[in-house]
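Read off the chains here:
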Amino acid sequence: MQTLLHQNSEIGIKKNVHKYETNKLKTKHRSNKYFTPLSLCSRSRRTGQYNVQRGKAAGAALGSSSGKAPYQRCSSQDSLDEQAMVDYFKEVEIIQRSGDAETQEDLQLKVADEGEQEEAWLMEAGLATLFDESASDGEDGIVLLSTLTRTQAAAVERRVETLKQTLRKRNKPYSVPDVREIFKPSPASQSKVLGNGAGPDAPGGGADSETDINLEVSFSEQALIYKEGLKVTQPQNEADDRLPDFKVSQDKTGQTRVGDLSAEDMKKVRRLVLIEMSALFDTCGIEVKAHKALKVKVRESGLFGVSLSTLLEQDQRRIPGTKVPLILQHLISHIEEQGLDTEGVLRIPGAATRVKAVCHELEHKFYESMFPWESLKQHDAASLLKLFIRELPYPLLTVEYFNAFISVLKLPTKKQQLQALNLLLLLLPEPNRDTLKALMEFFQRVIDHKDRNKMTLNNVAVVMAPNIFMCKGFRSKISEQQEFAMATGTANIVRLLVRYQNLLWTIPKFILNQVRKQNMENQRKMNRDRAVKKLLKMMYDRERASNKQERGFIRVQAPQFSMVSMAVQLTEDLKASDVLTRFLSQERTLSVKRDDLCLYEMGGNIKERCLDEETYIKALLELNPTAEWVIKSVQH
C-alpha cells in the first residue's frame with residue numbers, strides 16, 4: 001500500500017513538472033516576469049549544492065529516463081532550478097493529499113468595483129476628506145498632504161482623479177475637489193517636497209550602487225530617478241550564494257524597528273507607507289488590483305482554522321502581552337528542542353494519519369497543559385506547523401495585500417523589490433506581522449544548520465512557499481498557467497523575506513521624518529489654539545531645555561525606577577548605550593537586565609521612540625531639540 005501511494009505521488013509530481021515545463025515554454029515570449037528560461041540542473045541532497053543530479057527518482061520526476069551524464073549546473077543562476085521545483089510540487093501534492101480544512105468554508109474573494117478601490121484606499125490613507133467633506137480626518141489629512149513627496153502626491157492625485165471620473169460616469173453628485181487645487185504648486189510646498197528627498201540633488205537622490213540601501217530618500221523618488229536614468233533591467237532571481245549583500249549606511253539618529261514607536265505614530269506611519277507603496281508601484285508602471293474578502297464562517301475558538309486575532313485573544317487571557325500564537329511558539333520550540341541537525345527538517349512530512357490524530361489531541365489538551373509533547377515526533381511537529389499556517393481562515397499576508405506581495409517581483413531591481421517588501425510588511429496588521437517575523441526567524445535558524453540538515457535557503461523557500469501562499473479562495477480565481485508562474489515567484493519572495501529580515505522589519509528614515517513633520521505641524525496648530533499663558537510657559541520650557549544643551553548636559557529621567565533624573569554630559573560620541581551603562585552603574589540594586597532596558601526619545605516631534613543603542617544623542621537632538629529622555633523597561 002505504501003509503495004502504491006509513493007508511486008502515485010511520483011506520478012503526480014511528474015505530471016506537475018511536465019505541466020510546468022509546458023507552461024514555461026508557452027509563456028517564454030510573453031511578459032511574465034516571474035520566469036526566465038531555465039536549464040535542467042539538479043541538486044544534491046547530501047551537499048545541498050546545485051551541481052549534480054539527485055538520483056533516479058528525481059530523474060523520473062523530471063521526465064528524464066536516459067542514462068546520459070548528469071547535467072552540470074548552468075552558469076546563469078537567474079532562478080530556482082527544476083529540481084527545486086520538484087520539491088515545490090511535492091509539497092503541493094502533500095498538501096492536497098492531506099485534505100486539510102475539509103470542513104472549512106473556502107475564502108471568497110472579490111475584486112473591488114470601479115471607484116470602490118480608490119475610495120477605500122483614500123479612507124485607509126486618512127484622506128477621506130478628499131471625497132467626503134463630512135469626514136473626521138479633515139485637519140489630519142491636510143497636514144498629511146503637506147508632507148508628501150512629488151511621487152506620493154502623484155499617487156494620491158491619480159486615485160482622486162479616478163474616483164472623480166467614476167462618480168461622473170455614474171451621474172452621482174460628488175464633492176471631490178479639483179486635483180489641481182489640492183496639489184497646486186507653491187514655492188513653500190515645493191521646497192517642502194524637495195526637502196523630503198524628491199529630487200536628484202537631495203541627499204542620496206542620485207545614482208548609487210545597486211547594493212546600497214538609501215533610507216533617507218523616498219523609495220518611489222529613487223525609482224523615478226532610476227527610471228529617468230533609463231536604466232532598464234529585468235528582475236533577477238539569484239541562487240543562495242548570489243543574493244547580494246545590501247549595505248545600509250550608518251545613521252547617527254539610529255535605526256527604528258517595528259515596535260519602537262507609539263501606536264499614535266504607527267498610525268501615521270501606516271498611512272504614509274500605504275501612499276509610498278502605491279507610489280512605488282505607480283512609478284514602475286505596475287498596477288496592483290486589491291481583493292477584498294467576503295465574510296465567511298470561521299471557528300470562534302480552538303487552535304487550527306482560527307483567526308490570528310481570536311487566537312491571540314485566547315492566549316492573552318492566559319499570558320498577557322502575547323504577540324505570537326502560543327501553539328505556534330510551542331511547535332517551533334519543540335522542533336528546535338529535537339535538534340535542527342535532522343536531515344530534511346521541514347521538507348520530510350510526518351505520517352498524515354498520525355498528524356491528523358495529533359492535531360485533534362492538541363485541540364483538546366493544549367490549553368490544559370496535558371498534551372504529551374515528549375511523544376511528538378519532529379517531522380510531525382513540522383507538518384503541524386505548516387498545517388497551522390495553511391488553515392488560517394485568512395492568509396498570513398492578508399487578502400488586501402496578497403496581490404501586492406505577488407507583484408513584488410515585477411519590480412525591475414532587487415533593491416526595489418526589497419523596498420516594496422519593506423513597505424508591505426509595515427502595512428500588515430500587527431498580529432500578522434509579528435507571526436510572520438517569528439516564522440522567518442525560525443527558518444533562518446533552520447538554515448544556519450544547513451551543513452547537516454541539507455536545508456539551504458532555497459530548500460526552505462520552496463517547501464514553505466506553498467504553505468504561505470496557498471490561499472484556497474485565491475487559487476480558485478487564477479488559471480493553471482498563472483499558478484505555475486506563481487510557483488517560482490512565491491518561492492523567491494520567501495527567500496527575500498528570510499534573507500533580508502533584519503532590514504525588512506524596520507521603518508525607513510524618510511517615513512519617520514514625515515511623521516516628525518506631521519507632529520510638528522499638529523503641535524503648531526495646538527499652540528495657536530492655546531491660551532497665551534500656556535504658550536509662554538512652553539516657550540520658557542523650550543528655552544530652558546536649550547540652555548541645558550548649551551551647557552553640554554542632558555537630563556535623563558527614569559520614573560519607573562527609584563532614580564528621579566540623571567545629568568549626562570553631552571559629547572559628539574555619546575550613544576544611547578552609554579546612557580544605559582551610566583544608569584546601571586548608578587542603580588546597582590536594580591534586578592532588571594540590561595537587555596530589558598531602553599532609552600526613549602519622547603515629545604517634541606515624536607510621541608515616543610525606543611532608541612537603537614547605536615543612536616548618537618547629539619545628532620538626534622539636532623533633529624528633535626525639545627525631546628525628553630526617559631529610561632523604561634521593555635517587553636520582548
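The name given to the protein chain in an unreviewed UniProt entry is Rho GTPase activating protein 18, with the source organism recorded as Cyprinus carpio. One UniProt comment on the protein chain, placed under Function (unreviewed entry), says "GTPase activator for the Rho-type GTPases by converting them to an inactive GDP-bound state."

**A closer look at the overall build of the protein chain**
Within the protein chain, the secondary structure is distributed over 26 helices and nine strands. Put simply, of all contacts in the protein chain between residues at least 6 apart along the chain, 77% involve residues at least 24 apart.

**Observations regarding the packing of aromatic side chains**
Considering all chains together, one arrives at 10 aromatic pairs under this definition. Relative to Phe89, the ring of Tyr88 has its centre 5.5 Å away and its plane inclined at 85°; by these criteria the two rings are edge-to-face. For the residue pair Tyr88 and Phe89, the accessibility class agrees, reading buried in each case. Ring plane angle 50° and centroid distance 5.6 Å describe the contact between Phe561 and Phe583, whose orientation is recorded as tilted. Of this pair, Phe561 sits in the loop between β5 (553-557) and β6 (565-569) while Phe583 sits in helix α25 (residues 576-586); the two residues are 22 residues apart in sequence, bridging distant segments of the chain. The class for Phe561 is buried, based on a relative accessible area of 15%.

**Considerations on the state of the cysteines**
A complete count under the given rule lists one disulfide for this structure. Between the sulfur of Cys598 and that of Cys610 lies a disulfide, 2.0 Å long from S to S. Negative torsions about the S-S bond denote left-handed disulfides, and the value of about 120° found for Cys598 with Cys610 makes this one right-handed. Of this pair, Cys598 sits in strand β7 (residues 597-603) while Cys610 sits in strand β8 (residues 606-610), and the two are 12 residues apart along the sequence.

**Considering empty space enclosed by the protein**
Within the structure shown, the criterion is met by three cavities of 30 Å³ or more. Put simply, the second largest cavity is a space of about 40 Å³. Around the second largest cavity, the lining residues are Ile213, Leu215, Phe219, Leu418, Gln419, Asn422, Leu503 and Leu504. Sort the elements by how many residues they give to the lining of the second largest cavity and helix α16 (residues 414-427) lands first, with three residues. Broken down by class, the residue content of the lining of the second largest cavity amounts to six nonpolar, two polar and no charged.

**Topic: the environment of Val446**
Of note, Val446 is situated in helix α17 (residues 430-447). The buried category is assigned to Val446, whose relative accessible area is 0%. Sequence separation between Val446 and Leu457 is 11 residues, and the spatial gap between their C-alpha atoms is 9.0 Å. What Val446 contacts, discounting residues up to four positions off in sequence, is Leu340, Val345, Leu346, Asn453, Met455 and Val460.

**Concerning the sheet that holds β5**
Sheet architecture is open: five strands sit in the order β6-β5-β9-β7-β8, paired in mixed fashion. Bordering the open sheet on either side are β6 and β8, each of which pairs with just one other strand. When strand polarity is set aside, the average angle formed by the axes of neighbouring strands in this sheet is 30°. With five bridges connecting them, β5 and β6 associate as antiparallel partners. Paired with Arg555 across the bridge in β6 is Ala567.

**Looking at the nonpolar core**
Counting 127 residues, the largest nonpolar core has Val156, Leu362, Leu384, Leu385 and Phe443 as its most contacted members. Contacts of Phe443, omitting those with residues within four sequence positions, involve Leu346, Val460, Met464, Ile468 and Val498.

**Here we look at the pattern of salt bridges**
The tally for this structure, following the rule as stated, stands at 25 salt bridges. Across the pair Glu361 and Lys365 runs a salt bridge whose closest N-O atoms are separated by 3.0 Å. Of this pair, Glu361 and Lys365 both sit in helix α13 (residues 352-365), four residues apart, which is roughly one turn of that helix. Ionic pairing is found between Glu601 and Arg609, a salt bridge with its closest N-O pair at 3.3 Å. Arg609 shares its class with Glu601; the two are buried. Salt bridges linked by common partners bring Arg158, Arg159 and Asp282 together as one network.

**Considerations on the confidence of the model for the protein chain**
Summary statistics for the protein chain give a mean pLDDT of 77 and a share of 70% for residues scoring 70 or more. Averaged over each element, pLDDT in the protein chain is lowest for helix α2 (residues 56-61) (34) and highest for α17 (97). Between residues 186-207, whose pLDDT stays under 50, and residues either more than four places distant or in other chains, the model counts 39 contacts.

**Description of the pairing of β7**
Taking burial as the measure, the seven residues of β7 include five buried ones, the bulk of the element. Taken together, the six bridges between β7 and strand β9 (residues 628-633) define a ladder with antiparallel strand orientation. From the neighbouring strand, Leu597 faces β9, where its bridge partner is Ser633. Pairing analysis gives four bridges linking β7 to β8, with the strands arranged antiparallel. Of the residues in β8, the one forming a bridge with Gly603 is Ile606. In this structure, the hairpin formed by β7 and β8 is closed by a connection of two residues, where Gly604 is found at a positive phi of approximately 75°.

Calculation rules
Residues numbered from 1 in each chain as written. Predicted model: local features only at pLDDT ≥ 70, side-chain atom pairs only at ≥ 80, totals over all residues. Heavy atoms only, no water. UniProt positions renumbered as here; feature names shortened; annotations may be inferred. Helix = DSSP H or I, 4+ residues; strand = E, 2+ residues; numbered from the N terminus. Contact = heavy atoms within 4.5 Å. Phe/Tyr/Trp six-rings, centres within 6.5 Å; stacked < 30°, edge-to-face > 60°. Buried < 20%, exposed > 50% of the residue type's maximum accessible area, 1.4 Å probe, protein only. Disulfide = S-S within 2.5 Å. 1 Å grid on protein atoms, 1.4 Å probe; cavity = no way out; pocket = protein on both sides within 12 Å on 5 of 7 lines; lining within 4 Å. Points joined across faces, edges and corners; volume = space filled by probe spheres on them. Nonpolar A, V, L, I, M, F, W, Y, C, P; charged D, E, K, R; others polar. Pairing = 2+ DSSP bridges. Axes fitted to C-alpha atoms, helices over the stretch in contact; angles between N-to-C directions. Core = buried A, V, L, I, M, F, W, Y, C linked by side-chain atoms within 4.5 Å. Salt bridge = Lys/Arg side-chain N within 4 Å of Asp/Glu carboxyl O. pLDDT = per-residue confidence, 0-100.

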